[in-house]
Amino acid sequence: MTTNTADKQPLLTKSSIPYLIGMVVCAVGISIIDGMLPRGASMGEAYAILVLLGLMAKDKRLIIGGAVAGTILTLEGFFISEPGGAALWVVEINRALAIFIIWLIAVLALAQLRFLEEQQESEKMKRAFEQLQQETSFLQLNQEIAILSNTNDPVEDALKQAMQKICDHTGWPVAHLYVRDGDEDLLSPSKIWILKDWTHFDAFRKVTESTKFVPGIGLPGRVLASNKAAWIRDVTKDSNFPRAKLAEQIGVKAGFAFPIVVGPKVVAVMEFFAEDAIELDTKLLHVMENIGYLLGRIFERDHAGLKKGEYEDHLRRLYGRMKAVRTLENRPGEVHRIADGIHEELH
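Residues numbered from 1 in each chain as written. Predicted model: local features only at pLDDT ≥ 70, side-chain atom pairs only at ≥ 80, totals over all residues. Heavy atoms only, no water.

Undergrad: Please explain the overall build of the protein chain as it appears in this structure.
TA: Tallying secondary structure elements over the protein chain gives 10 helices and 5 strands in all. Long-range pairs, those at least 24 residues apart, make up 65% of the contacts in the protein chain between residues at least 6 apart in sequence. Surface exposure of the protein chain reaches about 20600 Å², of which carbon and sulfur atoms provide 59%. (Helix = DSSP H or I, 4+ residues; strand = E, 2+ residues; numbered from the N terminus. Contact = heavy atoms within 4.5 Å. Areas by Shrake-Rupley, 256 points an atom, 1.4 Å probe, with all protein chains shown as cover.)

Okay, structure coming up:
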């Protein structure tokens, strides 16, 4: 029969051992001094230090143990101390007061420890609630983008709506889209923007709309090269952010970007910026990468629409030629010539 040792707690944690050693040293020292003094000079109150050390260790067992040890040593001091210094009843009252003070401090220490434990539990619950809210918010954002990616809205409108939703979710005031030039490894700036303040970010907008990126260069270039989302805590201090060098005041600091992919290919890069430096949020980047796959459907749908239009035009041309054959069916030479043209269309 096996026993589950995972649920068993050690008698003392490693962090409590130094405090226990301190309690022993203090108890021995106070006991020696108390034994050297006359019985009327009580040192019992000093044993409250043992309780305080238990509180510092945040260990309920050490607090109670310190109070018990202080009580025993206070009583011991009554018997080992030299007689004299005060009347017996005064000595007894002094010792009793010392024990009372020790246990009063112990009760207060336990109450303080309980308060700290409840505070920690409250913080844990608060963090769990915030995490749940964040997860719910991410899930809702994914659902909204998924719905958006399956609508029949024009590509530009759909992308702008997606950018606005992400800006609303993150609270970041700037969003822009870089688009890949066909099959070339080059990202060109688009005119698709979300700006909370067009005047404030005008310098950054102008610099961006005149800057293209190749793989590995700048924030969009990093994303194009790695096919993964990227984050910059402060673009003004990043050596690989060319736009910061092209304008004295660009008005942005933190930035992140993620790829929009169709299959294995990056077709665009969506970038976002904040006015303050912000530490890396890996969970947000992971969500944005998923959104990049969802937004890829918009480009797929647009490409499929173009193919469908080309196919329909092709069918219309064939229909026109077939109609011409029926019109000229009494003129063999013309029929043969048009039939040859239809054959070329089919190939």
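Undergrad: What should I look at first to understand the confidence of the model for the protein chain in this one?
TA: Predicted coordinates in regions of low pLDDT should not be interpreted in detail. Here the protein chain shows a mean pLDDT of 82. Residues at 70 or above account for 80%. Mean pLDDT across the secondary structure elements of the protein chain bottoms out at helix α10 (residues 332-346), with 51, and peaks at strand β3 (residues 230-232), with 97. Confidence drops under a pLDDT of 50 for residues 304-312, and excluding neighbours within four residues, the segment shows 0 contacts in the predicted structure. (pLDDT = per-residue confidence, 0-100.)

Undergrad: Just checking my understanding: could you explain the packing of aromatic side chains for this structure?
TA: Geometrically, a pair of aromatic rings is defined through the distance of the ring centres and the angle of the planes. A complete count under the given rule lists 9 aromatic pairs for this structure. Each ring, one from Trp193 and one from Phe204, has its centre 6.2 Å from the other, and the planes form 80°; the classification is edge-to-face. Here Trp193, found in strand β2 (residues 187-195), pairs with Phe204, found in helix α6 (residues 202-209); they are 11 residues apart in sequence, far enough to count as distant. Note on Trp193: relative accessible area 2%, which makes it buried. With a centroid separation of 5.7 Å and 15° between ring planes, the pair formed by Trp231 and Phe256 is classed as stacked. Residue Trp231 is found in strand β3, and its partner Phe256 is found in strand β4 (residues 255-262); the two are separated by 25 residues along the sequence. (Phe/Tyr/Trp six-rings, centres within 6.5 Å; stacked < 30°, edge-to-face > 60°. Buried < 20%, exposed > 50% of the residue type's maximum accessible area, 1.4 Å probe, protein only.)

Undergrad: For this particular structure, what's the right way to read the sheet that holds β4?
TA: Strand pairing in a sheet relies on backbone hydrogen bonds. The paired strands run either parallel or antiparallel. In spatial order, the strands read β2-β1-β5-β4-β3; together these 5 strands make up an open sheet with antiparallel pairing. The sheet is open, and its two borders are formed by β2 and β3, each paired with just one other strand. In this sheet, adjacent strand axes meet at a mean angle of 20° when their direction is disregarded. Bridge analysis of β4 against strand β5 (residues 265-273) gives 8 bridges, and the strand direction is antiparallel. Bridge pairing in β5 links Val262 to Lys265. Across the sheet, α6 lies against β1 (174-180), β2 and β5, angled at about 155° from β2, the strand it touches most. (Pairing = 2+ DSSP bridges. Axes fitted to C-alpha atoms, helices over the stretch in contact; angles between N-to-C directions.)

Undergrad: Whenever I open this one, helix α2 (residues 48-56) confuses me. Can you help?
TA: The periodicity of an α-helix, 3.6 residues per turn, causes residues three or four positions apart to be oriented the same way. Along α2, the residues that are buried comprise Ala48, Leu50, Val51, Leu53 and Gly54. Phi turns positive, to about 55°, at Lys58, one or two residues after α2.

Undergrad: Where do I start with the pattern of salt bridges in this structure?
TA: Should their charged atoms come close, side chains of opposite charge can pair. Here the structure, examined in full by the defined rule, presents 14 salt bridges. Two residues, Lys265 and Asp183, come together in a salt bridge whose shortest N-O distance is 2.7 Å. One end of the pair, Lys265, is in strand β5; the other, Asp183, is in the loop between β1 and β2, and 82 residues separate them in sequence. (Salt bridge = Lys/Arg side-chain N within 4 Å of Asp/Glu carboxyl O.)

Undergrad: When you look at the side chain of Ser188 in this model, what are you seeing that I'm missing?
TA: If you trace the backbone, Ser188 turns up in strand β2. Those residues within four positions of Ser188 in sequence are excluded, and the remaining contacts are Leu177, Tyr178, Val179, Asp181 and Lys212.

Undergrad: What am I meant to see in the packing of helix α4 (residues 88-149) against helix α5 (residues 155-170) here?
TA: Two packed helices can be described by the angle between their axes and the distance between those axes. Here α4 crosses α5 at 170°, and the two axes come no closer than 10 Å. In terms of their interaxial angle, α4 and α5 are classed as roughly antiparallel. Contact with α4, carried on its side by Ser137, Phe138, Leu141, Glu144, Ile145 and Leu148, involves Ala158, Gln161, Ala162, Lys165, Ile166 and His169 of α5 and no other residues of that element. Counted by class, the contact of α4 with α5 contains 7 nonpolar, 3 polar and 2 charged residues. (Parallel < 35°, antiparallel > 145°, perpendicular 65-115°, else oblique. Nonpolar A, V, L, I, M, F, W, Y, C, P; charged D, E, K, R; others polar.)

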